[in-house]
Amino acid sequence: MRIRAIRMRELGCFSAPVALEGLSGELDVLAGPNELGKSTILKGLQALFTAPHTSQASDIRELRPYAGGAPLIEADFEAEGRLWRLRKQYLSEKQTLLTDVGSGKVAARGEEAHRRALELIGSGGAHRLGLLWLKQGSALSPAAKEGIREGAREELSRAIEREIAAASGGGHDLRVVRAKVIEQRRALVTGHEPPRPAGAYAVALASRSEAERSLEAARTSAGAAADRLRQVQTLRQRRAMLADPSALAAIRQHAQKLGADREAALAARQQLKIAEANVQACESRLAEAQQAFEMLARRLEEARGLEAAASVGEAEELKLTEALAELGRSMDEACARREELRRALDAERARLRTRHELDGRREAAARLAEVSARLNEAREAAARADEIRARLGEERVTEDKVAAAEREAAAVATLEARIAAQLPKVRVAYLPGASGKIRVEGRPVGAGEVLTPSRPVSFEIEGIGAITIEPAVHDVEEDEADLAAHRSVVADLLAGMDVPDLESARGRVEQRRRLERELARAEDRLATRAPEGMALLTQEAQRLAALSQGSGDDGAGLPERPEIEAEIERLGRTLREAEQAADRLARDHVEARERLAGNSAAARARKAQLTALAAELPPPGERAERLAEFETGLQTARLAVNEAIRERGAWRETAPDDAAMRALEAGLAASQQRERSAREELAAVERDLAVVERELERDRHDGITAKVKELEQRTRSLDDQVRHFERELSALDLLIEIVGQVEQQSRDLYLSPVLQRLDPYLSLVFPGARLDIGRSLDVETVARGEATESLSALSDGTQEQIAVIVRLAFARLLADHGRAAPLILDDALVYADDTRIESLFDALRMAAGAHQVIVFTCRARTFEQLGGTRLAVAPWAGQ
Amino acid sequence: MTFTFIHTADWQLGKTFAGLPAEKVPLLREARLDAIGRIAAVGRSQGARHALVAGDIYDSRDVADRDLLQSLERLRREQDVTWHLLPGNHDPVQAGGVWERLTRFGVPANVRLHLEPHPQMIAADIALLPAPLTARTAAGDPTAWMDAAATPLARHRIGLAHGSIQGFGGEMGEAAVPIAPGRAETAGLDYLALGDWHGATRISDRVWYSGTPEPDRFPDNEPGFVLVVRIEGQGSPAMVERRPTAQYTWWKRALAITGPESLAIFGQSLEAAVAQPERLLLRLALGGTATLSTWSEAESRLAALEQSLFHLVVDSTALQVLPEDIELEEFGAGDLRRVAELLTTTARDAASEKAPAASLALRKLYLLRQSSRAGESS
């Protein structure tokens, strides 16, 4: 198709009729400002070649001017070798008119005109594409906004696919198949593969799971029911065994027999207890008889003993009384002797004291002389010592002071020697006749005199002059100062000791030492003579003097002390013997008296006992007979005991002991328990049986076995269903996969010629570049050299230019297939720079050789270079 | 003197027929109960006054009381027949089981329960040796005791048992209850009436499975009969005659589709063989290889067949559907054709695990194409 003229009225900005006449059908260019209405013209063409006049779509309604009206569009176009005029009016004035311009005849009207027109511009069918366009800026916008309505770009892509599908056949059907298959699949599973909720597959899966769970539960219940059946069987067997009358009777008889045994045992044990009590009673009576007999015999023996003892006691008392009197006499004699000896001893002791006094006085006198001599010597030594101490106290020279003075004197000597060594020595010698002519400080210096000046000294030589000697006074002055200080100390020390010189001081020290030695000697003598001290020595002398002064008795005729002491010793010994004898006699007397008293008391006690026994005992004449009676009773009791023991022995043989009794009791209890347990167990079994039978009844009511079968069958059935859906899914997936493969092959088939048509344009505008076109016919990447970039990463200008050349390729493809469609570029090259746009112009010119290219642009000056046929919007003549 | 009796078994009353549509189950259950009447009619017509039922009278030990009571009523109603009922592996003698409940409900006078393995004189000189089962399975042969069982008053000994005869190339029967194949000889039986195998089957002259009188599954054997057994002189073989009793027919058939005529021929054979298709339950396993058009036609025929039968189950998983080359033309010359070709290639590849899916996908593609065409034409 090639468009030759475009006319419109009441459309967008064109309220008045306008026309573009004289289109070449090759490269036609409409240049003008933005408000010229270029986009309105494009919209008009799109509506004319795609929308039926009956359309009420929003993009049709939007064609109406603000002032209102019925959009009218008309175009003259070449198709199938003839010139046609298609005229459509929308909304209130709906009409379509197709006219054969050559003949001037109306070819069709209304829907038929629309359909015929579409066939002319394409190759027939409602979805064919007769027009390609690229709107201003659409290359940079999201695909959905490119067309005159949303999705137009996709529609374009689909339209192109349909073209290719039509060429290979079945493309549309394949899309429909794929959509339906996907729809079927989506009825089963979601896009993420899990079964679609509430879908048949999900329902089958859920039902199968539920059935499996129910089956499992039913099987468990069936198992439990089977267990219960076995349990009932067991319980019934047990009940039969427990309820068996012979078994019950045997248990009962056994218990009864054990009960009777127990009663007999209890009776025997009771008899044994009685026998044991009888034995105890007999033994008690025997003990009593024994005791009575023995007591009577003992009393009788006791009475006889008392009577014999009383006879002996009386003889003893008489003998004791006589011995006591004898002892009294002997004791008196011994006491008199003892007193006599005591008096003799006292007299002797008085003589001994007198002897002592006389001997003491004599010794004191002898000692007084010695003490007095020592006292005198001590006194002399003390006096001398006091004197020496006095003299030493007055002496001011001490060894310390002298030593200090000697140290100072040594320092003086040292300093003097050093000063002398430092000072110059001037020895004066005169020539003969010149002696005395040398003077120092006016004094003539003697011949041979040696001067050691410590300060400048001028030697004046008469008639000649003066020689001044200046010693190195600095060090000498310091030494001299020290010398003076030491000398001063020496002088002070000597003055303190009150001596003229050091030698005197040394002499005085020597004298002091002699005094100190003498003092030591005096003190030694004093210590020797009066070691106890002067005061005590003096007191001793005074005491001895007092002792030596006594009475005039000198003790003549008085024996010496040893004799007296020997006598005292003898008398003392005799006295002690006398005292011991007296004491012994006294003790013997007391003892004899006590024995006599004891004998009397015993006699009284015996008498009392005999009296008491006589009261207890039968009269002496009956005592033997009574004792015989008691002996007879004792024998009788012994016989009774023997009989009781024999009886007890017999019962012990019969009655069981405690252990046997416990065993018997335990056996009886166990037997009774068995009987009781059997009854209880029977009751329990009956209860359990009733419970299990009720449960079995419930099992039957539930029809558990049938339920298991039913669920097994249902599970199998649902399993079949699930497998059916799985097979369905496998088939659908395979179908989708194969459809996808074929679609891909178709696309590859399609894209190959597209890319082939793209190459010449690409070489012109982007030499060396390669485009990768995707499933939706979008350019996805652009490769230049080694670099591959996505389209969106490229500059706006580059994106725009690629969009143009891709459309050129599509248009060329269609043209090569004999279905040339005009390509309308509505300000589609806005960003292209001058260099690039020249190559684009070349591409457009090349394209125009194959199909019509209509360029709408606001860049009039730039596009002057493009060439082509210049168009102008003019009033629609005849309207 | 000839002793004539009916040998039957495996009534399995109370069966639930899970897996069948709910509306069909009561009819099948009722048919099993009705079998009692039909058996009695056969017996009556053949002069048999005794019917030996060799186990599995009831489908399970917990069959509903209603089923028990109904069965008792049906048995009681056939008063001229004495029914000898033997517990089988489905209804073993167990505490709280069906037999206890039957006893509690009250067994009619013409019904004798054989719950103990002891000889019973059922006629003047006829001893019945029953081998009731007490569990679903048995480790030992329940008929073993018959060898030593004395029946001094009997001229004929008839065994009644339920289990699997051993040594017939696989266990004959479903119960795990072994029965020695030579039992009739070792026990001196004139006849051993067996139950468990649902098809009427002769084991030996004296040993038979009667099968179930009313089929209850798609069988591999011949159900739907009772046996009329006649015993004459001592030592002479029993005369056994099969009599049909089935109300419903259960068929399991496999059909290899070889062409468009396959199903038509099958339909014709069906019409010829089945007098009452409305009482036929058919499980049809389709196999072979069909073209798309054949398969499509088969689908239509099966849909029609389903309407005429009591129940139809079709398993076409083994059916391979492959288009003929000419059928591929129906997909046009474009991409759709290409899809069909690729699927056909896969479906024809027997080694490909995707072959079944490809075959099914082809059917779907074909239907979609047909649907699309129908839409276009309308």
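Bringing the overall build of chain B into the picture now. Counting its secondary structure elements, chain B contains 9 helices and 18 strands. For chain B, contacts bridging at least 24 residues in sequence account for 71% of all contacts bridging at least 6. Surface summary for chain B: the accessible area is close to 15,000 Å², and the carbon and sulfur share equals 52%.

Next up on the list: the overall build of chain A. Helix and strand content of chain A: 17 helices and 21 strands. Evaluated residue by residue, chain A yields a buried proportion of 38% over its 879 residues. Element-wise, carbon and sulfur atoms account for 51% of the exposed surface of chain A, whose accessible area totals about 47,600 Å².

Facing 36 residues of chain B, the contacting portion of chain A comprises 42 residues. Both faces considered, chain B and chain A share a buried interface measuring about 3,200 Å² in area, 60% of it formed by carbon and sulfur atoms. Area buried by chain B at its contact with chain A is led by B:D62, B:D335 and B:L368, which between them contribute 19% of it. At the surface where chain B touches chain A, the tally comes to 4 salt bridges. Taking the shortest distance from any N to any O, the salt bridge between A:K709 and B:D59 comes out at 2.9 Å.

Residues and elements named next belong to chain A. In space, the 5 strands of this open sheet follow the order β8-β18-β19-β3-β20, with parallel pairing throughout. Because the sheet does not close on itself, it has two edges, and the strands there are β8 (132-134) and β20 (869-871). Averaged over neighbouring strand pairs, the angle between their axes works out to 20° when direction is ignored. Here strand β18 (residues 823-826) pairs with strand β19 (residues 853-857) via 4 bridges, running parallel. Residue pairing in the sheet places D826 in a bridge with F856 of β19.

Turning next to the sheet that holds strand β13 (residues 225-231) of chain B. Residue and element names in this part refer to chain B. The mixed open sheet is built from 6 strands, whose spatial order is β4-β3-β2-β1-β13-β14. Since the sheet does not close on itself, it has two edges, and those belong to β4 (111-113) and β14 (239-244), each with one partner. When strand polarity is set aside, the average angle formed by the axes of neighbouring strands in this sheet is 25°.

Right, let's get into the nonpolar core. B:L270, B:L282, B:L284, B:V339, B:L343 and B:L365 are the most contacted members of the largest nonpolar core, which has 56 residues in total. The leading source of residues in this core is helix α15 (residues 704-765) of chain A, at 10 residues. In contact with B:L282, not counting residues within four places along its chain, are B:F218, B:W251, B:R253, B:F266, B:L270, B:L305, B:L309, B:H311, B:L312 and B:V313.

This part covers the confidence of the model for chain B. Summing up the model confidence of chain B, the mean pLDDT is 89 and the portion of residues at 70 or higher is 97%. This complex was scored by the predictor with a pTM of 0.51 and an ipTM of 0.76.

Moving on, we come to the environment of B:G211. All names here are of chain B. Summarising the element assignment, G211 is placed in the loop between β12 (207-209) and β13. For G211, a relative accessible area of 1% corresponds to the buried category. Distance in space between the C-alpha atoms of G211 and A200 is 4.3 Å, their sequence separation being 11 residues. When near neighbours in sequence (up to four residues on either side) are disregarded, G211 contacts T8, A9, W197, H198, G199, A200 and F225.

Applying the stated criterion to the full structure yields 93 salt bridges over all chains. A:R236 is the partner of A:E693 in a salt bridge, and the nearest nitrogen-oxygen pair spans 2.6 Å. Of this pair, A:E693 sits in helix α14 (residues 658-702) while A:R236 sits in helix α6 (residues 200-242), and the two are 457 residues apart along the sequence. For A:E693, a relative accessible area of 28% translates into the label partly exposed. A salt bridge links B:R337 to B:E341; its shortest N-O distance comes to 2.8 Å. In this pair, B:R337 and B:E341 are both assigned in helix α8 (residues 335-348), 4 residues apart and thus about one turn of the helix distant. Residue B:R337 is classed as buried on the basis of its relative accessible area, which comes to 17%. The network of salt bridges with shared partners includes A:R7, A:E21, A:E74, A:D76, A:R85 and A:R87.

Residue and element names in this part refer to chain B. At their nearest, the axes of helix α2 (residues 65-77) and helix α3 (residues 98-105) sit 11 Å apart, and the two run at 60° to each other. Taken together, the axes of α2 and α3 lie oblique to each other. Here α2 runs over α3; the crossing is right-handed. Residues D65, L68, L69 and L72 of α2 form the contact with α3, whose participating residues are V98, R101, L102 and F105. When grouped by side-chain class, the residues that make up the contact of α2 with α3 number 6 nonpolar, no polar and 2 charged.

With that out of the way, let us pick up unusual backbone geometry. Residue and element names in this part refer to chain A. The phi dihedral of L91 is positive, around 60°, even though this residue is not glycine. Of note, L91 is situated in the loop between β5 (82-89) and β6 (95-100). A positive phi angle, close to 45°, is found at E441, a residue other than glycine. Mapped onto the secondary structure, E441 falls in the loop between β10 (438-440) and β11 (443-444). According to the relative accessible area criterion, E441 is exposed, its value standing at 63%.

Residue and element names in this part refer to chain A. Residues R514, R517, R521 and R525 make up a contiguous surface patch of positive charge. Here R525 lies in helix α10 (residues 502-529). Assessed through its relative accessible area of 40%, R525 is described here as partly exposed.

A word on helix α13 (residues 623-654) of chain A. Residues and elements named next belong to chain A. When the terminal C-alpha atoms of α13 are compared, their 48 Å separation across 32 residues agrees well with the 46 Å that a helix rising 1.5 Å per residue should span. Residues of α13 that are buried: R623, L634, A637, V641, A644 and R648. In this fold, the buried residues of α13 make contact with α7 (245-394) and α12 (561-616).

Residue and element names in this part refer to chain B. With 4 bridges connecting them, strand β2 (residues 50-53) and strand β3 (residues 82-85) associate as parallel partners. Looking at β3, one finds that V53 is bridged to L85. Regarding the hand of the β-α-β motif, the stretch spanning β2, α2 and β3 is right-handed. Pairing analysis gives 3 bridges linking β3 to β4, with the strands arranged parallel. Looking at β4, one finds that L85 is bridged to L113.

Quick look at helix α3 (residues 110-121) of chain A now. Residues and elements named next belong to chain A. Over its 12 residues, α3 extends 17 Å from the first C-alpha to the last, a length consistent with the 16 Å expected when each residue adds 1.5 Å. Burial in α3 covers these residues: G110, A113, H114, A117, L118, L120 and I121. One side of α3 carries all its buried residues, which in axial view fall inside an arc of 160°. Buried positions along α3 lie against α1 (38-50), β4 (72-79), β5, β6 and β7 (105-109).

Residues and elements named next belong to chain B. Here helix α5 (residues 262-273) crosses helix α6 (residues 292-308) at 20°, and the two axes come no closer than 10 Å. It follows that α5 is roughly parallel to α6 by the angle criterion. As for the relative orientation of α5 and α6, their crossing is left-handed in sense. From α5, L263, A264, F266 and L270 reach across to α6, where they touch A298, R301, L302 and L305.

Residue and element names in this part refer to chain A. Predicted confidence across chain A gives a mean pLDDT of 84, with 93% of residues reaching 70 or more. Per-element mean pLDDT across chain A ranges from 49 in helix α4 (residues 152-168) up to 94 in β6. In this model, residues 165-170 is a region of pLDDT below 50 whose contacts with residues beyond four sequence positions or in other chains number 13 contacts.

One pair of aromatic rings is described through two measures. These are the centre distance and the angle between the planes. Residues and elements named next belong to chain B. Inspection of the entire model under this criterion finds 10 aromatic pairs over all chains. Taken together, a centroid distance of 5.2 Å and an interplanar angle of 65° make the contact between F218 and W250 edge-to-face. Of this pair, F218 sits in the loop between β12 and β13 while W250 sits in strand β15 (residues 249-257), placing them 32 residues apart in sequence. Given a relative accessible area of 14%, F218 falls into the buried group. Chaining the aromatic ring pairs together yields one cluster made of F3, F5 and Y191. Seen from the ring of F17, K15 lies directly overhead, with NZ or CZ sitting 5.9 Å from the centre.

Before going further, it helps to examine the pairing of strand β16 (residues 280-290) of chain B. All names here are of chain B. As defined by bridge partners, β15 adjoins β16 across 9 bridges and the pair is classed as parallel. Across the sheet, residue L255 finds its bridge partner in β16, namely L286. Handedness of the crossover is the feature at issue here: the chain leaves β15, passes through α5, returns alongside β16, and the resulting connection is right-handed. In this structure, β16 lies alongside strand β17 (residues 311-315), joined through 5 bridges in parallel fashion.

The rules behind the values
Residues numbered from 1 in each chain as written. Chains lettered and ligands numbered in written order. Predicted model: local features only at pLDDT ≥ 70, side-chain atom pairs only at ≥ 80, totals over all residues. Heavy atoms only, no water. Helix = DSSP H or I, 4+ residues; strand = E, 2+ residues; numbered from the N terminus. Contact = heavy atoms within 4.5 Å. Areas by Shrake-Rupley, 256 points an atom, 1.4 Å probe, with all protein chains shown as cover. Buried < 20%, exposed > 50% of the residue type's maximum accessible area, 1.4 Å probe, protein only. Buried area = accessible area lost by both parts, 1.4 Å probe. Salt bridge = Lys/Arg side-chain N within 4 Å of Asp/Glu carboxyl O. Pairing = 2+ DSSP bridges. Axes fitted to C-alpha atoms, helices over the stretch in contact; angles between N-to-C directions. Core = buried A, V, L, I, M, F, W, Y, C linked by side-chain atoms within 4.5 Å. pLDDT = per-residue confidence, 0-100. Parallel < 35°, antiparallel > 145°, perpendicular 65-115°, else oblique. Left-handed = near helix turned anticlockwise from the far one by under 90°. Nonpolar A, V, L, I, M, F, W, Y, C, P; charged D, E, K, R; others polar. Patch = residues over 30% accessible without salt bridge, like charges linked within 9 Å, V, L, I, M, F, W, Y side chains within 5 Å. Lys, Arg positive; Asp, Glu negative; His and termini not counted. Charge placed at Lys NZ, Arg CZ, Asp CG, Glu CD. Expected span 1.5 Å × (residues − 1). Right-handed = clockwise from strand over helix to strand, strands pointing away. Arc of directions from axis to C-beta. Phe/Tyr/Trp six-rings, centres within 6.5 Å; stacked < 30°, edge-to-face > 60°. Lys NZ or Arg CZ within 6 Å of the ring centre and 35° of its normal.

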